[in-house]
Amino acid sequence: MNPQANLIFIASLLLGTTITISSNHWIMAWTGLEINTLAILPLISKSHHPRSIEAATKYFLTQAAASALVLFSSMTNAWHTGQWDITQLTHPTSCLILTSAIAMKLGLVPFHFWFPEVLQGSPLTTGLILSTAMKLPPMTLLYMTSSSLNPTLLTILAILSAALGGWMGLNQTQIRKILAFSSISHLGWMAIILIYNPKLTLLNFYLYAVMTTTVFLTLNTTKVLKLSTLLTAWTKAPSLNTMLLLTLLSLAGLPPLTGFLPKWLIIQELTKQDMAPAATLISLLSLLSLFFYLRLAYCTTITLPPHTTNHMKQWRTNKPTSTAIAILTTVSVMLLPASPMILTIV
C-alpha cells in the first residue's frame, strides 16, 4: 500500500479513537466510531485476496449494524429523558440496546461470529489493530455508561464469552483464529467486572492489549500464520520464540506472570460482591483457553516436528529483535511484582 495512504488511514484511526474517547455527546461518539470503521476497511482488504475482501465486507456490515444500534439507543434515551450526554443513559430499553450494540462492536458472545473470520482474513498488523486499538472506543463507552447497564445481562454475556471463546479455540490450527477466540474469552473477563469495578475492566484491557501486541509482533517477525509453520520457526529466532512461550503463558493467566494480575483482582472483586459462583465458573472456563495456549506454547518451543515427514528448516535471521518487542515482552511477563504500585494508580 502507498505510504501516504497508509499514513492517512492510521491518522484517521487515531482521530476516530480520540473523538470517541473524549466526547460527552452521543453523536460525537458515534462519529468517532464511524471514522474508525471506515479507516480500518482499506487496511483489512489491502492484499486484494478474496478472503481479505470477504473479511472487510463482514466487518463493514457488522460494524454498520452496531453503529446504527448505538445511534438508535442514544436517540431513544434522548426521546425519553431529553439528555444526549453519554453518562446520562438512564432509560432501561436504551441500556439494553446499547449493551447489544457494544457487544456486537467488541465481538462478545452471541455477536462474536464475525470476529474470527475477519481476523483470519486480515494481515497480522491489521489483526493487531483490530484486537487492541479498535476495541478501545467501545470499551470507553461501556466504561462511561457502566453505572446504568444491566448486571445480569452482562454477567450472562461474560460467562458465555469465556465458555465459547475457550471451547471454539480448542480445534483451531490457524493462529489468527486462535488469537480471536482468546480475545473473546478475555472480553468475558472484562465484561463480568464492568458493573462492580469499571477501572479493573480498563486495567484488564490494557494488560491484554500489551500481551496481544507482543504476540502479534513476534509472529509478524517470524512470519508465522499456522501451527505447522510454528513447529519449525524456532530455528529462525530461538530467543524470540522462548519469549513468545512466556508471553503465551502470561496471556493464559498463569501465576508468576503479568496475565495473572487482572484475573486475580477480578476474582477477588467478584468474591467481595457475593458472586463467588460466577467467579468459580469463569475461572473453570478459563481452563479451556489455557489448553490452547499450552498447545501454542508447546508448538513454539518444540525442536523436532512430531512426525517423520521432512520439514524445511528456517534460516536463522541475523536481524536484532526490535526494541518495541523487547520492552513489550518484559512488560507482559514481569509486571506481577509491581501490582501494589499498579493498584495505587488504579
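Here the structure is a predicted model, which means the values were calculated and not measured. (Residues numbered from 1 in each chain as written. Predicted model: local features only at pLDDT ≥ 70, side-chain atom pairs only at ≥ 80, totals over all residues. Heavy atoms only, no water.)

**Notes on the overall build of the protein**
- Looking only at helices and strands, one finds 16 helices and zero strands in the protein.
- In terms of overall size, the protein behaves like a compact globule, its C-alpha atoms giving a radius of gyration of 20 Å where 346 residues would be expected to give roughly 20 Å.
- Reported as C-alpha extents along the three principal axes, the dimensions of the protein are approximately 70 × 50 × 35 Å.
- Here the protein holds 346 residues, and 53% of them are scored as buried. (Helix = DSSP H or I, 4+ residues; strand = E, 2+ residues; numbered from the N terminus. Rg over C-alpha atoms; globule rule 2.2 N^0.38 Å. Buried < 20%, exposed > 50% of the residue type's maximum accessible area, 1.4 Å probe, protein only.)

**Here's the deal with helix α10 (residues 198–222)**
- Taking 1.5 Å per residue as the helical rise, α10 with its 25 residues ought to reach 36 Å, and the 36 Å between its terminal C-alpha atoms agrees with that figure.
- Counting buried positions along α10 yields 18 of 25 residues, so the element is predominantly enclosed.
- Looking one or two residues past α10, lysine 223 carries a phi angle of roughly 55°, positive in sign. (Expected span 1.5 Å × (residues − 1).)

**Remarks on the nonpolar core**
- Formed by 90 residues in total, the largest nonpolar core has its most connected members in Ile40, Tyr59, Ile192, Leu219 and Leu230.
- For this core, the element with the most residues is helix α9 (residues 175–193), which contributes 12 residues.
- Each of domain 1 (1–140) and domain 2 (150–307 + 318–345) contributes no fewer than three residues to this core.
- Other than its neighbours up to four places away in sequence, isoleucine 192 contacts Thr155, Ala158, Ile159, Ile266, Leu270, Ala278 and Ile282.
- Counting residues in each nonpolar core, the second largest holds five residues, with Leu245, Leu257, Ala297 and Val333 among its members. (Core = buried A, V, L, I, M, F, W, Y, C linked by side-chain atoms within 4.5 Å. Domains from an automatic or database assignment. Contact = heavy atoms within 4.5 Å.)

**Looking at the pattern of salt bridges**
- All chains considered together, the criterion is met by four salt bridges.
- Across the salt bridge formed by glutamate 117 and arginine 51, the nearest N and O atoms sit 3.4 Å from each other. Of the two residues, glutamate 117 is situated in helix α5 (residues 114–121) and arginine 51 in helix α3 (residues 50–81); the sequence distance between them amounts to 66 residues.
- Among the salt bridges present, the one from lysine 177 reaches glutamate 117, with a minimum N-O distance of 3.5 Å. Highlighted residues: lysine 177 in helix α9 and glutamate 117 in helix α5, separated in sequence by 60 residues. (Salt bridge = Lys/Arg side-chain N within 4 Å of Asp/Glu carboxyl O.)

**Focus on the environment of tyrosine 143**
- With respect to the element layout, tyrosine 143 can be found in helix α7 (residues 136–145).
- By relative accessible area, tyrosine 143 is classed as partly exposed at 29%.

**Some remarks on the packing of helix α12 (residues 238–252) against helix α14 (residues 276–301)**
- Running from amino to carboxyl end, α12 crosses α14 at an angle of 175°, the nearest separation of the two axes being 9 Å. As the angle between them shows, α12 and α14 are arranged roughly antiparallel. Each of Asn241, Leu244, Leu245, Leu248, Leu249, Leu251 and Ala252 in α12 lies in contact with α14, whose residues at this interface are Leu290, Tyr293, Leu294, Leu296, Ala297, Thr300 and Thr301.
- Grouping the amino acids of the contact of α12 with α14 by side-chain chemistry returns 11 nonpolar, three polar and no charged. (Axes fitted to C-alpha atoms, helices over the stretch in contact; angles between N-to-C directions. Parallel < 35°, antiparallel > 145°, perpendicular 65-115°, else oblique. Nonpolar A, V, L, I, M, F, W, Y, C, P; charged D, E, K, R; others polar.)

**A short note on unusual backbone geometry**
- Of note, the bond from valine 109 into proline 110 is cis; its omega dihedral lies within 30 degrees of zero at 5°.
- Within the secondary structure, proline 110 sits in the loop between α4 (92–106) and α5.
- In this model, histidine 48 sits at a positive phi of 60°, which is unusual for a non-glycine residue.
- Examined against the element boundaries, histidine 48 turns out to sit in the loop between α2 (26–44) and α3.

**Re the domain arrangement of the protein**
- Structurally, the protein comprises domain 1 (1–140) and domain 2 (150–307 + 318–345).
- Look at where the C-alpha atoms of domain 1 and domain 2 centre, and you get two points 23 Å apart.
- The interface of domain 1 with domain 2 comprises 26 residues on the first partner and 33 residues on the second.
- Around 2500 Å² of area is buried between domain 1 and domain 2 when both sides are counted, 79% of it from carbon and sulfur atoms.
- Scanning the region where domain 1 abuts domain 2 turns up one salt bridge.
- On inspection of domain 1 and its partner domain 2, the count reaches six residue pairs in polar contact (both at pLDDT 80 or more).
- Going through the elements one at a time, α4, α5, α6 (124–131) and α7 are the ones with two or more residues in the side of domain 1 that touches domain 2.
- A per-class count over the side of domain 1 that touches domain 2 returns 14 nonpolar, nine polar and three charged. (Buried area = accessible area lost by both parts, 1.4 Å probe. Polar contact = N/O pair within 3.5 Å; in protein donor to acceptor, adjacent residues only side chain to side chain.)

**Section: the packing of aromatic side chains**
- As enumerated under the stated definition, the model contains five aromatic pairs in all.
- Relative to phenylalanine 115, the ring of tryptophan 114 has its centre 5.3 Å away and its plane inclined at 70°; by these criteria the two rings are edge-to-face. Side by side, tryptophan 114 and phenylalanine 115 carry an identical accessibility label, which is buried.
- A connected cluster of aromatic rings, assembled from ring pairs, spans Tyr59, Trp114 and Phe115.
- It is lysine 135 that lies over the ring of phenylalanine 115; its NZ or CZ is 3.6 Å from the centre.
- One Lys or Arg, lysine 263, reaches over the ring of tryptophan 189 and ends 5.1 Å from the middle of that ring. (Phe/Tyr/Trp six-rings, centres within 6.5 Å; stacked < 30°, edge-to-face > 60°. Lys NZ or Arg CZ within 6 Å of the ring centre and 35° of its normal.)

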